[in-house]
Amino acid sequence: MTSPQPAEARPRRRTAQSATLAEIAREAGVSAPTVSKVLNGRADVAPGTRNRVEELLRAHGYRRRRAEATRSPLIDLVFHELESAWAMEVIRGVENVARSTGLSVVLSESAGRLTPGRTWADQVAARRPHGVILVLSGLDASGQALLTSRSIPFVVMDPAGDPGTDVPSIGATNWQGGLAATRHLIELGHTRIGAVSGPSRMMCSRARIDGYRAALETAGLPVDPGLVVTGDFHHEAGYRQGLALLRRPDRPTAVFAGNDLQALGLYEAARELGLRIPEDVSVVGFDDLPIARWVGPPLTTVRQPLTEMAEAAARLVLDLGRSDEAPPATRVELATSLVVRSSTAPPATVAGS
């Protein structure tokens, strides 16, 4: 009867540091060049083979050494939707950093999906950029593993959901912004304050509405569920939901629009109903896009430092790419601030008293 092997003599699974391409190729039953093709996002690999190799790369926690990764002079910037002045502010921030470091920016859109598909991930692996910035989006576990194994760092800006403790991200103080916007209206004397939120699936939208509710509750005002409607951060939603709120017999005297585009839709709804801003209804937005200063009346809004957030995301992703070590996840929140303009005033009953 043989005695059991001591623990130190038993065969061990290779670690992330010691697993080599040759060993992964041997386990997958393919050649080392085939594994290299998978790592480089080449299309000339059978889907079944690609999946088998990817699974082994994940299982081993394989991470390509920086010296092995010949990078293209690019930063990949991914939006879930690429439209509106909001996106332009973000692009400007990333471009500022890319230009100063001799890099170019590649733009892509996930067509409204909060997680880019596998085709996108393969294209990124083939491009081998210096880093990836995902805006109002994120990566599933397989996408994270794919970029990690290629030593392509990634950062999420304004994450749609909880990015997880191991994903670097840049955001803003959305809850504080919603609180400040609503508190401003309360201090003007408004007690019936409506809200047009963004999509409930987005963390920033939920945080802003939580701030709105907190301001009302702190002031001892009831939160009327009928005055809180859901939009999608687009102008049309602000117009449509604005009509619904302002046609109520007990309409609100003020509305927190959730973002500037919805606030502009609310402006249109008020004009259609013959209501004046701010005499009949006060409006507060969120973002402080350039157009907020140009509309009539100029919009009171919460400034979200979009360009600065984008610059911070770009600097962070480049810093991550300069180290061979896997750094601790970084969560940065930049401060929001209330910008008071002419779209808010005391309600008529208070102003005339």
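Residues numbered from 1 in each chain as written. Predicted model: local features only at pLDDT ≥ 70, side-chain atom pairs only at ≥ 80, totals over all residues. Heavy atoms only, no water.

Undergrad: Explain the overall build of the chain to me, using residue names and the numbers behind them.
TA: A count of helical and extended segments in the chain gives twelve helices and twelve strands. Burial status across the chain gives 52% buried among its 353 residues. Partitioning the intrachain contacts of the chain with sequence separation of at least 6 by distance along the chain shows that 74% fall at a separation of at least 24. For the chain, the computed accessible surface area is about 15,800 Å², with 53% contributed by carbon and sulfur atoms. (Helix = DSSP H or I, 4+ residues; strand = E, 2+ residues; numbered from the N terminus. Buried < 20%, exposed > 50% of the residue type's maximum accessible area, 1.4 Å probe, protein only. Contact = heavy atoms within 4.5 Å. Areas by Shrake-Rupley, 256 points an atom, 1.4 Å probe, with all protein chains shown as cover.)

Undergrad: Account for helix α7 (residues 174–187), naming residues and giving values.
TA: In this model α7 runs 20 Å from its N-terminal to its C-terminal C-alpha over 14 residues, within 8% of the 20 Å that 1.5 Å per residue would give. Buried within α7 we find N174, G177, G178, L179, A181, T182, H184, L185 and I186. (Expected span 1.5 Å × (residues − 1).)

Undergrad: Tell me about the sheet that holds strand β10 (residues 300–303), residues and numbers included.
TA: Ordered in space as β7-β6-β8-β9-β10-β12, the six strands form an open sheet in which the pairing is mixed. Two strands lie at the open edges of the sheet, namely β7 (228–230) and β12 (337–339), each paired on one side alone. Averaged over all pairs of adjacent strands, the angle between strand axes in this sheet comes to 20°, irrespective of strand direction. In this sheet, β12 lies alongside β10 in antiparallel orientation, the contact comprising three bridges. Each bridged residue has a counterpart across the sheet, and for V302 the counterpart in β12 is L338. Across the sheet, helix α8 (residues 203–218) is in contact with β6 (193–197), β7, β8 (254–256) and β9 (282–287); its angle to β6 comes to roughly 170°. (Pairing = 2+ DSSP bridges. Axes fitted to C-alpha atoms, helices over the stretch in contact; angles between N-to-C directions.)

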